[in-house]
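Next come the chains, spelled out residue by residue.
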Amino acid sequence: MTLFSSSDGATADVSVRPAVPGDEDAVTRVQLAAWRGARALGDAVVDLVDADAVRRRWRDAVTAPPGPGFAVLVALAGPAVVGFAAVAPGTLLALEVDPEHRRGGHGSRLLAAAVDRLRADGADEMVTWVLEGDDGRERFLGEAGLGPDGTERALAVGMDEDGVRSVVERRWSALL
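Residues numbered from 1 in each chain as written. Predicted model: local features only at pLDDT ≥ 70, side-chain atom pairs only at ≥ 80, totals over all residues. Heavy atoms only, no water.

1. What about the overall build of the protein?
1) Next: Along its length, the protein carries five helices and eight strands.
2) Next: Helices (α) and strands (β) of the protein occur, in sequence order from the N terminus, as β-β-α-α-α-β-β-β-α-β-α-β-β.
3) Next: The buried share among the 176 residues of the protein stands at 40%.
4) Next: Intrachain contacts of the protein at a sequence separation of at least 6 include 59% that bridge at least 24 residues.
5) Next: In the form shown here, the protein has an accessible surface area of approximately 9,400 Å², with 50% of it arising from carbon and sulfur atoms. (Helix = DSSP H or I, 4+ residues; strand = E, 2+ residues; numbered from the N terminus. Buried < 20%, exposed > 50% of the residue type's maximum accessible area, 1.4 Å probe, protein only. Contact = heavy atoms within 4.5 Å. Areas by Shrake-Rupley, 256 points an atom, 1.4 Å probe, with all protein chains shown as cover.)

2. Some thoughts on the nonpolar core
1) Next: In this structure, Leu92, Leu95, Leu110 and Met126 are the most contacted members of the largest nonpolar core, which totals 24 residues.
2) Next: When residues of this core are traced back to their parent elements, those giving at least two are β3 (71–77), β4 (80–88), β5 (91–97), α4 (106–120), β6 (125–131) and β8 (163–175).
3) Next: Take this core: its biggest share by element is six residues, from α4.
4) Next: If we ignore the near neighbours within four places in the chain, the residues touching Leu95 are Phe84, Ala85, Gly107, Leu110, Leu111, Arg137 and Phe140. (Core = buried A, V, L, I, M, F, W, Y, C linked by side-chain atoms within 4.5 Å.)

3. Notes on the side chain of Asp98
1) Next: For Asp98, the location among the structural elements is in the loop between β5 and α4.
2) Next: Taking the relative accessible area as the measure of exposure, Asp98 reaches 8% and is therefore buried.
3) Next: A polar contact of 2.8 Å, which involves the side chain of Asp98, links it to the backbone nitrogen of Glu100. (Polar contact = N/O pair within 3.5 Å; in protein donor to acceptor, adjacent residues only side chain to side chain.)

4. Brief notes about the layout of surface pockets
1) Next: Empty space within the second largest pocket amounts to approximately 550 Å³.
2) Next: In terms of lining, the second largest pocket is formed by 21 residues, of which the most central are Arg102, Arg103, Gly136, Arg137 and Phe140.
3) Next: When contributions to the lining of the second largest pocket are tallied by element, the ones reaching two or more residues are α1 (24–38), β5, α4 and α5 (135–143).
4) Next: At five residues, α5 tops the list of elements feeding residues into the lining of the second largest pocket.
5) Next: Grouping the constituent residues of the lining of the second largest pocket by class yields six nonpolar, eight polar and seven charged. (1 Å grid on protein atoms, 1.4 Å probe; cavity = no way out; pocket = protein on both sides within 12 Å on 5 of 7 lines; lining within 4 Å. Points joined across faces, edges and corners; volume = space filled by probe spheres on them. Nonpolar A, V, L, I, M, F, W, Y, C, P; charged D, E, K, R; others polar.)

5. Describing the packing of aromatic side chains
1) Next: Tallying each qualifying case throughout the model produces one aromatic pair.
2) Next: The ring of Trp129 carries Arg153 above its face, with NZ or CZ at 3.8 Å from the centroid. (Phe/Tyr/Trp six-rings, centres within 6.5 Å; stacked < 30°, edge-to-face > 60°. Lys NZ or Arg CZ within 6 Å of the ring centre and 35° of its normal.)

6. Section: the confidence of the model for the protein
1) Next: Chain-level pLDDT for the protein is 85 on average; 82% of the residues reach the 70-or-more range.
2) Next: The model gives residues 1–11 a pLDDT under 50, and that stretch makes 21 contacts with residues more than four places away or in other chains. (pLDDT = per-residue confidence, 0-100.)

7. Quick look at the pattern of salt bridges
1) Next: Counted under the stated rule, the structure contains twelve salt bridges.
2) Next: Residues Arg55 and Asp25 are paired through a salt bridge, measuring 2.8 Å at the closest nitrogen-oxygen approach. Of this pair, Arg55 sits in helix α3 (residues 51–63) while Asp25 sits in helix α1, and the two are 30 residues apart along the sequence.
3) Next: Overall, the relative accessible area of 44% leaves Asp25 in the partly exposed class.
4) Next: Residue Arg137 pairs with Asp134 through a salt bridge whose shortest N-O separation is 3.0 Å.
5) Next: Residue class for Asp134 comes out buried when judged on its relative accessible area of 10%.
6) Next: A cluster of three or more residues bridged by salt bridges with shared partners is formed by Asp25, Asp52 and Arg55. (Salt bridge = Lys/Arg side-chain N within 4 Å of Asp/Glu carboxyl O.)

In structure tokens, the structure reads:
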């Protein structure tokens, strides 16, 4: 895996590293803030998320990945975790940056590190899923060379006044 870092004296040190035990609190905070900021799920759905359960899942992902090729990477601004990416064989499972730290290159560094990790694990293609209406993520991934491949899925994400609310995700992919 390639470690990306820079310091030009005028900005804080930025880097990407593998997540370590203790990062789960920051990863959970970033994930929930990013979901809320993206608005694709809606605040009512994000309000239903059990933050403690999410934290436990991230702790498990960091300390006991389910198998080879699974990893969590974190983006740092100085000592603070400001973003993360999670990968599985051939798949970018998640990539989120704290809304207050977007447009600082953290997402690009995370994506590059995730691609490096996938390649090191033998992948020649990467897939990821994008929620319908997440225009910012579509722009980011499109500029990075990924595109929709025509596969969609609907997910039930919570209840609204009319019953179960579902969202559509589209699969995006690229050759590595």
